[in-house]
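Read off the chains here:
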Protein chains: 2
Amino acid sequence: MRIILDVMGGDNPPEEFVKGAYLAVKKYKEKITLVGDEKIISDALRDLRAPSAPFDIIDAPDFVSMEDDPMSITGAHAGSSMAVSLRELSSGGGDAVVSAGNTGALFTGATLIERRVKGVRRAALAMVIPFKNPILLLDCGANVSVTPEYLVQFAYLGKIYMERILGVDSPRVALLNNGAETHKGTPTVVEANKLLSDDENINFVGNIEGKDVPFGGCDVVVTDGFTGNIFLKTCEGMSNFMMARLTEKFFGGVSGKISAMLKKNDVSRVAKMFDAKEYGGAPFLGLAKPVIKAHGNSDARAVCAAIGQARKYVETNIIDEIASCADIFSKMKFAPISKRERTENE
Amino acid sequence: MRIILDVMGGDNPPEEFVKGAYLAVKKYKEKITLVGDEKIISDALRDLRAPSAPFDIIDAPDFVSMEDDPMSITGAHAGSSMAVSLRELSSGGGDAVVSAGNTGALFTGATLIERRVKGVRRAALAMVIPFKNPILLLDCGANVSVTPEYLVQFAYLGKIYMERILGVDSPRVALLNNGAETHKGTPTVVEANKLLSDDENINFVGNIEGKDVPFGGCDVVVTDGFTGNIFLKTCEGMSNFMMARLTEKFFGGVSGKISAMLKKNDVSRVAKMFDAKEYGGAPFLGLAKPVIKAHGNSDARAVCAAIGQARKYVETNIIDEIASCADIFSKMKFAPISKRERTENE
């Protein structure tokens, strides 16, 4: 197996990505292609005293910044490390791409270059959140607007991921909503609820509210990319906020002994639970080839985790399983998306 | 001043609401009209040994349940305690209504019976969240779908509330979004960002992500009712989840001494910060008369807090200030809401 790593995309310098790749090579014994500024990569490998054997290098010093228009990946930045990585995957030069770059550009580029599995209307960014039982949240931010049928497809994608990657039998799928009752939510969500209730292939457990998601009532949470992003980031913000307030309130006036105990204990793991760096990476489910989005702020450890995730994604043949749903997907009727709801990515 | 209290609406028995009213009478020395089953109310007042002087009672034993259609307040439940309370306010029998009942029904009934301030297209449910700096979140759930212009009006409503109720000078208004950049979000949010940036009356600080809301970058967070509800409930869920995990991880294997210290300390106040009961209540901003939604799960203490909030709302003349914006509102152009996005409340 060969993983293609875009080393120019994240907030951290390319050296951090090279270091992450080296950690991954030692851990997983797979081959890695490093895409980015060749000089920086060569220097970093030398500094790490890494044997160059498992690495191919493709020189592509240009990159898509966080401020760039997602469509620039097909225009001004068609020669960027991200675009070159995606084309390398498309032409068979590797088995998966890992990139920490601009999410919108990666989604646009991956959709245009790798294409979607037959019958899948939109790929979705999917992320495992380690609540008491891990849940898969999708879409986390690729599609700000959706139709009811896209949400139904997300349910299929999420179900397959949880079965294959986490070994969950008949995953319970829920719709993120502002109330448990079936009449609650936007018209899109109300309609998706009906479609999912009628779908025999999905173990649909109904609507779920934000306050109930952490407590294990479902395995897959389906939502549009806008709401999913708000949910995910709010979890992150609240985790940081609670830790800051607790540290201040509880430990501000108390002895350093307890503070030390806190550090020894694995409480800090709870705090890090929603640190995006810990997630490793998130696949775009529904694409015809594996593309994993690593967090923009990834350090070497996070890059290594994302590469590990890409490897598992390839090994478990999720894409074949998704492709086997083509018949079901071809029978779904897709309502046109209204003009106001159309995403800039279309 | 006279506050009209719907005692039949919440999850708790009417006796709890009568008790809350009695607490409020002692605390605020205002008159209260209790609307609900007269026999239950009289018995509860006798059990509390409450002097009956400050209470008027209106017999209305029917109520709107959480499962009832919001529109039932104009039909099958037109004689419910909620509907009777709203009509009593409308006819001048009091200065504000407090109800813990079905939010959709209260929103529908209040809009139809009290009507909106001239020029206001949609009232919004607004809630103060006690982060490091308190922020006002609106809409928290009244309008699942909005237009850009509704969001601009919410900014005005929120600004006035924060100025009058919390004394914040020139409140900083932000749009809840899936990214800080101006091109991020749904088309509705992108357009609202433009309108707010151009509005000289609003101190608009741009988009804000869920992870940044708790950390004091703004005073007012504007969003649609669907997203606002997801945000609020996710805060609540994460607060409960973090406390549960920390208690388990940190105190599971440690001595009861620290556990006791935790209780003595005001850490529990952090945990309760997102307990909806602590909020007291949330006004529907933009209505022509004060209507305060208390949490469905309100106990006597929460009912008393909601009555206190209603009192402050009346005293600070917020509605007059909102009405003074009629000229500005009349110049706003309102895009038609698309069919898919139209709420069931319209």
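Participant: Explain helix α5 (residues 148-166) of chain B residue by residue, including any values.
Facilitator: Residue and element names in this part refer to chain B. Here α5 is 19 residues long and its end C-alpha atoms lie 26 Å apart, about the 27 Å a rise of 1.5 Å per residue gives. A large share of α5 lies buried, amounting to 16 of its 19 residues. Looking at the residues trailing α5, positive phi occurs at Gly167, about 65 degrees.

Participant: Can you lay out the sheet that holds strand β4 (residues 96-99) of chain A for me, pointing to particular residues and giving the numbers?
Facilitator: Residue and element names in this part refer to chain A. The mixed open sheet is built from 11 strands, whose spatial order is β3-β2-β1-β4-β11-β10-β5-β6-β9-β7-β8. Sheet topology places β3 (55-59) and β8 (203-208) at the edges, where each strand pairs with a single neighbour. Each adjacent strand pair in this sheet contributes to an overall mean axis angle of 25 degrees, direction not counted. Across the sheet, helix α6 (residues 187-197) is in contact with β7 (172-176) and β8; its angle to β7 comes to roughly 165 degrees. Helix-sheet contacts for helix α11 (residues 300-315) involve β1 (2-6), β2 (31-36), β4, β10 (281-285) and β11 (291-294), and the interaxial angle to β10 is about 35 degrees.

Participant: Explain the domain arrangement of chain A to me, using residue names and the numbers behind them.
Facilitator: Residues and elements named next belong to chain A. The domain architecture assigned to chain A consists of domain 1 (1-115 + 287-315) and domain 2 (126-276). Every contact between the two is made by 5 residues of domain 1 and, on the other side, 5 residues of domain 2. Between domain 1 and domain 2 lies a buried interface of about 540 Å² when both sides are counted; carbon and sulfur atoms form 66% of it. The three residues of domain 1 that bury the most area against domain 2 are Phe107, His295 and Lys312, which together make up 63% of that side's buried surface.

Participant: Report on the sheet that holds strand β8 (residues 203-208) of chain B, specifying residues and quantitative values.
Facilitator: All names here are of chain B. Read from one edge to the other, the open sheet built from 11 strands follows the order β3-β2-β1-β4-β11-β10-β5-β6-β9-β7-β8, with strand pairing classed as mixed. At either margin of the open sheet sits one strand with a lone partner, and together these are β3 (55-59) and β8. Direction aside, neighbouring strands of the sheet carry axes that sit 25 degrees apart on average. One ladder, built from 3 bridges, connects strand β6 (residues 135-138) with strand β9 (residues 220-222); its direction is parallel. Across the sheet, the residue bridging to Leu136 is Val220, located in β9. Against the sheet, helix α6 (residues 187-197) makes contact with β7 (172-176) and β8, and its axis sits at roughly 165 degrees relative to β7, the strand it touches most.

Participant: Tell me about helix α4 (residues 103-113) of chain B, residues and numbers included.
Facilitator: Residues and elements named next belong to chain B. When you tally the buried positions in α4, you get 8 out of 11 residues, the bulk of the element. For α4, the elements touching its buried residues are α3 (81-90), β4 (96-99), β10 (281-285) and β11 (291-294). The residue sitting at the N-terminus of α4 and contributing the capping side-chain oxygen is Asn102; that oxygen lies 3.0 Å from the backbone nitrogen of Gly104. Residue Arg115 follows α4 closely and has a positive phi angle near 65 degrees.

Conventions and cut-offs
Each chain has its residues counted from 1, running along the sequence as written. To label them, take the chains in the order written and letter them from A, then take the ligands in the order written and number them from 1. Reporting of local features is limited, given that this is a predicted model, to residues whose pLDDT is at least 70; pairs of side-chain atoms are given and counted only at 80 or more, and all residues count toward the totals for whole chains, interfaces and linings. Side-chain figures throughout are based on the complete set of non-hydrogen atoms in the structure, without hydrogens or water. Secondary structure elements follow DSSP: runs of H or I no shorter than four residues count as helices, runs of E no shorter than two count as strands, and numbering proceeds from the N terminus. Take the residue count of a helix, subtract one, and multiply by 1.5 Å to get its expected span. Burial classification: accessible surface area is computed with a 1.4 Å probe over protein chains only, and a residue below 20% of its type maximum counts as buried, one above 50% as exposed, and the rest as partly exposed. Whether two strands pair depends on DSSP finding at least two bridges between them. Note on geometry: axes are C-alpha line fits, over the in-contact stretch for helices, and angles between N-to-C directions span 0 to 180 degrees. By definition in these notes, contact holds between two residues if any of their heavy atoms fall within 4.5 Å. The domain limits used here are those given by an automatic or database domain assignment. Each of two parts loses accessible area, computed with a 1.4 Å probe, when they are put together; buried area is these two losses added. We define a polar contact as two N or O atoms separated by no more than 3.5 Å, with the added condition that, inside protein, one atom must be a possible hydrogen donor and the other a possible acceptor, whereas residues neighbouring each other in sequence contribute only through side-chain atom pairs.

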